[in-house]
Amino acid sequence: MFLFLIVARLSNRYSNPQRKRGEVEKRDPMGTDGRSAAMAAKVAEHVEKLPPVPELVLRLRATLSHPDATFADVVPLLDHDPGLSADLLKFANSARYGVAHRVDSLREAVLYVGMGHLAEFVSTTFLERTLMTTYSSTKGMHQYVDHSRAIADRTRDLVRRSGLAAAHQERASLIGLLHDIGRLVLMLAGSTHMWLAVNASPESMAKFVEHEQDLWGLDHCIVGATICRKWDFPDIFATAIEGHHGPWTGAQVCPEAAFVFLAHFKGIAGIDEAMARAMPEPVFRQLHLTPKDIAGS
Ligand SMILES: [Fe+2]
Ligand SMILES: [Fe+2]
């Protein structure tokens, strides 16, 4: 049933008449609809095979979604997963929290990381474990991981510069970490092992999605959004990932999608001038950023 829903959703998106249907059909004598349906079915199979979110992660997320959740609710759940507990202790002891002494109890680790960040931490840990076990043998995996981590860090930095609170920064960072997961599935389903760099220019971000559409009748943004829904991430994840190549073309996207998009160009020399020239100005206003924030390292 779930497989059917994914195929239907993927196929529906690409039957959108705004997708320059005539142009693609001319270049594709096999027939775009047939090719798209076949690729959508393959992608749906790959998505279906992804491991489900573990019960413990779901329980932790559900518990943490209550505003009055306490240590007493959370620590016993963490105790059930030694790997997750060890990761949390390591995280609390990292330079990021600047703790002067060694944190060696789960309760203290939760205190430093904060209940507000714990849901994102748990999801990030699940995501990294899943990626490493599911895609470890995929060629181009290390480029994918490097890219995802870099975008996660830069997205967090941009959200911080825009003045949003730490909870927003953590969430945006996790969206950044997950933003290109659809590319892994497309690489596997399309039997290609290419990891193409797309961050040289904003135009290449827009063209990359068109290229995927022309090649497969699918793009990684919608595949990524489908995976977010399968894993029950909050709706904002699917929305942001679906829109993360959109801002350059003037598409209306949520702030999180725009932060992830801009993170791809952070620190590139002269990017502020290019952005000021061509990027719709309301995008920056909406984010409380200026093109100079993108140029800054
Ligand atoms: Fe992307
Ligand atoms: Fe990306």
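Residues numbered from 1 in each chain as written. Chains lettered and ligands numbered in written order. Predicted model: local features only at pLDDT ≥ 70, side-chain atom pairs only at ≥ 80, totals over all residues.

**Q** So what about the environment of Trp-231? Which residues, and what values?
**A** Of note, Trp-231 is situated in the loop between α13 (220-230) and α14 (235-243). Expressed as a C-alpha distance, the spacing of Trp-231 and Val-53, which sit 178 residues apart in the sequence, is 5.8 Å. (Helix = DSSP H or I, 4+ residues; strand = E, 2+ residues; numbered from the N terminus.)

**Q** I'd love a proper account of the confidence of the model for the protein, names of residues and values included.
**A** Here the protein averages 80 in pLDDT, and 84% of its residues register 70 or above. Every residue in residues 1-31 is under pLDDT 50, and counting partners more than four places away or in other chains gives 30 contacts. (pLDDT = per-residue confidence, 0-100. Contact = placed C-beta atoms within 7 Å.)

**Q** Describe the packing of helix α8 (residues 115-135) against helix α10 (residues 166-178), naming the residues involved and giving the relevant values.
**A** With their axes 9 Å apart at the nearest point, α8 and α10 run at an angle of 10° to one another. Overall, the two elements α8 and α10 adopt an arrangement that is roughly parallel. Of the two elements, α8 crosses α10, and the hand of that crossing is left-handed. Together, Gly-116, His-117, Glu-120, Ser-123, Thr-124 and Leu-127 of α8 and Ala-167, Glu-170, Arg-171, Leu-174, Leu-177 and Leu-178 of α10 make up the contact between the two elements. Partitioned by chemical class, the residues of the contact of α8 with α10 number five nonpolar, four polar and three charged. (Axes fitted to C-alpha atoms, helices over the stretch in contact; angles between N-to-C directions. Parallel < 35°, antiparallel > 145°, perpendicular 65-115°, else oblique. Left-handed = near helix turned anticlockwise from the far one by under 90°. Nonpolar A, V, L, I, M, F, W, Y, C, P; charged D, E, K, R; others polar.)

**Q** Any details on unusual backbone geometry? Residues and values, ideally.
**A** Positive phi, normally seen in glycine, also occurs at Asp-232, with a value near 60°. Within the secondary structure, Asp-232 sits in the loop between α13 and α14. We note that His-288 has phi near 60°; this positive angle belongs to a residue other than glycine. Within the secondary structure layout, His-288 lies in the loop between α17 (281-287) and α18 (291-295).

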